[in-house]
Amino acid sequence: MTSPIDAQSLLSNHDLADMREDILHWWSTEKREFPWRETSDPYKVLIAEVLLHRTRAEQVIPLYDMVLSRFPDVFALSRSTPDELSQMLWTGGLHWRWKLLHAMSKEIVTRFGGEIPSSFTELTSLPGIGQYIASAVRCFAFGYPDVLLDTNSVRLVGRVCKLAVTDSSRRSLLYRSILQVWLDRQHPQEFNFALIDLSATICTPKAPRHEECCLRAYCGWFRCWAVSRETGNSS
Ligand code: SF4
C-alpha cells in the first residue's frame, strides 16, 4: 500500500509553498461567489453541502435560499412535514433528498441537542453524511484542515502528478496523502474553495484550459501536452 511518505516524495521536486501561493493568488481574482461561501454557520454549511452533493452549484442556489428561509435552523427543519420539504426540493429536481435532510435534522436534535457536531465520527454517523460532506462541514464551518476528495479533485491531482485516475481514486490513500501535503494549513477554507473552483472551471474533464491554469509550472499533464503540441502530436 502506498504511504503518505510516498506522496511527499512524489511532490518533492515542487516548491509547495510557491504552488499554494499561486493557487490562492489565482483564486483571489477568479473565485466564484456562492451564498454558502459567505457563512461559517454549521447549519447553513451542512444544508449547502447536502444539496451540493453530485449537483451543480447553479442548480442549488435557489434551493439553498428557499430551504433556509423556510427552515432557518435545524429545529425548524426537524419539524418539517415530508410533503412540505419534498415539494420544495421537487422544484430543483432534488426531491429524493428530503428524506435524508429530514432524518438528519431529527438526529441532530435528538442526539446532539440541535448542535451540528464537528467530529468526523459524529458527522459520518448521521444519515447520508459521507466522508466528503463531513470533511467539507468540518473545514468550511469549523476551520479544520480537512482535505476534500471527489471526482474533480482527484482528476486535478491525477493530472498534476501524472497518476492514473480510476473509480476508486476517491478512496485512495495516495490521493488523500497528496492533498494533505498540498493543503495550505493556514488557509484551509480558501485553499479547498480554490481547488473546487480550479477543477470546475479550468482543469475540466474535457478540454482543460492549460494556458490559463496557475498549476502549469507544476503539472505533469501540462508538460506532456506542451511537448506533444511542439512536436505536432497534440489533439
Ligand atoms: S495545467 Fe492543465 S492539466 Fe494541469 S492542472 Fe492545469 S488545467 Fe489541469
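What counts and what doesn't
Residues numbered from 1 in each chain as written. Predicted model: local features only at pLDDT ≥ 70, side-chain atom pairs only at ≥ 80, totals over all residues. Helix = DSSP H or I, 4+ residues; strand = E, 2+ residues; numbered from the N terminus. Rg over C-alpha atoms; globule rule 2.2 N^0.38 Å. Buried ≥ 20, exposed ≤ 12 C-beta atoms within 10 Å, placed from the backbone. Contact = placed C-beta atoms within 7 Å. Near = placed C-beta within 6 Å. Nonpolar A, V, L, I, M, F, W, Y, C, P; charged D, E, K, R; others polar. Core = buried A, V, L, I, M, F, W, Y, C linked by C-beta atoms within 7 Å. Domains from an automatic or database assignment. pLDDT = per-residue confidence, 0-100. Axes fitted to C-alpha atoms, helices over the stretch in contact; angles between N-to-C directions. Parallel < 35°, antiparallel > 145°, perpendicular 65-115°, else oblique. Left-handed = near helix turned anticlockwise from the far one by under 90°.

## Side note on the overall build of the protein
Part 1 of the reasoning: Scanning the protein from N- to C-terminus turns up 13 helices and zero strands.
Part 2 of the reasoning: Starting at the N terminus and ending at the C terminus, the protein contains elements arranged as α-α-α-α-α-α-α-α-α-α-α-α-α.
Part 3 of the reasoning: Computed over C-alpha atoms, the radius of gyration of the protein comes to 19 Å, within 12% of the 18 Å expected from 2.2 N^0.38 for 235 residues, which places it in the range of a compact globule.
Part 4 of the reasoning: Along the first, second and third principal axes, the C-alpha atoms of the protein reach 65 × 35 × 30 Å.
Part 5 of the reasoning: Sorting the 235 residues of the protein into buried and exposed places 33% on the buried side.
Part 6 of the reasoning: A separation of at least 24 residues holds for 62% of the contacts in the protein among residues at least 6 apart in sequence.

## A short note on the site of the ligand
Part 1 of the reasoning: Inspection of the region around the ligand gives 14 residues, with Cys-203, His-210, Cys-213, Cys-219 and Phe-222 positioned closest.
Part 2 of the reasoning: At the level of elements, α10 (151-161) and α13 (220-230) are the ones that each hand at least two residues to the shell around the ligand.
Part 3 of the reasoning: Looking at the shell around the ligand, the element that brings in the most residues is α10, giving three residues.
Part 4 of the reasoning: Class assignment of the residues belonging to the shell around the ligand gives a composition of ten nonpolar, one polar and three charged.

## Focus on the nonpolar core
Part 1 of the reasoning: Among the nonpolar cores identified, the biggest contains 60 residues, and Ile-47, Leu-51, Tyr-64, Val-137 and Leu-179 are the most heavily contacted of them.
Part 2 of the reasoning: The element best represented in this core is helix α3 (residues 42-52), accounting for eight residues.
Part 3 of the reasoning: Viewed by domain, this core spans two of them, domain 1 (4-30 + 146-185 + 201-230) and domain 2 (41-142), each represented by three or more residues.
Part 4 of the reasoning: If we ignore the near neighbours within four places in the chain, the residues touching Leu-51 are Val-60, Leu-63, Tyr-64 and Leu-94.

## Side note on unusual backbone geometry
The general pattern is negative phi for most residues beyond glycine and trans for most peptide bonds.
Part 1 of the reasoning: The phi torsion at Arg-54 lies on the positive side, around 55°, for a residue other than glycine.
Part 2 of the reasoning: Residue placement: Arg-54 occurs in the loop between α3 and α4 (57-70).
Part 3 of the reasoning: According to the C-beta neighbour criterion, Arg-54 is exposed, with 8 such atoms within 10 Å.
Part 4 of the reasoning: Despite not being glycine, Lys-162 has its phi angle at roughly 55°, a positive value.

## A few points about the confidence of the model for the protein
Part 1 of the reasoning: Confidence in the prediction of the protein, expressed as mean pLDDT, is 90, and 91% of residues score 70 or more.
Part 2 of the reasoning: Taken as a whole, residues 1-5 scores under 50 in pLDDT and shows five contacts with residues more than four places along the chain or in a different chain.

## A closer look at the domain arrangement of the protein
Part 1 of the reasoning: By the assigned domains, the protein splits into domain 1 (4-30 + 146-185 + 201-230) and domain 2 (41-142).
Part 2 of the reasoning: Computed from C-alpha coordinates alone, the two centres of domain 1 and domain 2 are separated by 30 Å.
Part 3 of the reasoning: Residue-level contacts link five residues of domain 1 with five residues of domain 2.
Part 4 of the reasoning: Looking at side-chain class alone, the side of domain 1 that touches domain 2 contains three nonpolar, no polar and two charged residues.

## Details of the packing of α3 against α4
Part 1 of the reasoning: For the pair α3 and α4, the least separation of the axes is 10 Å and the interaxial angle reads 140°. What the angle tells us is that α3 and α4 run oblique. Along this stretch, α3 crosses α4, giving a crossing that reads as right-handed. Along the contact surface, α3 presents Lys-44, Ile-47, Ala-48, Leu-51 and Leu-52, while α4 presents Ala-57, Val-60, Leu-63, Tyr-64, Val-67 and Leu-68.
Part 2 of the reasoning: Taken together, the residues of the contact of α3 with α4 sort by class into ten nonpolar, no polar and one charged.

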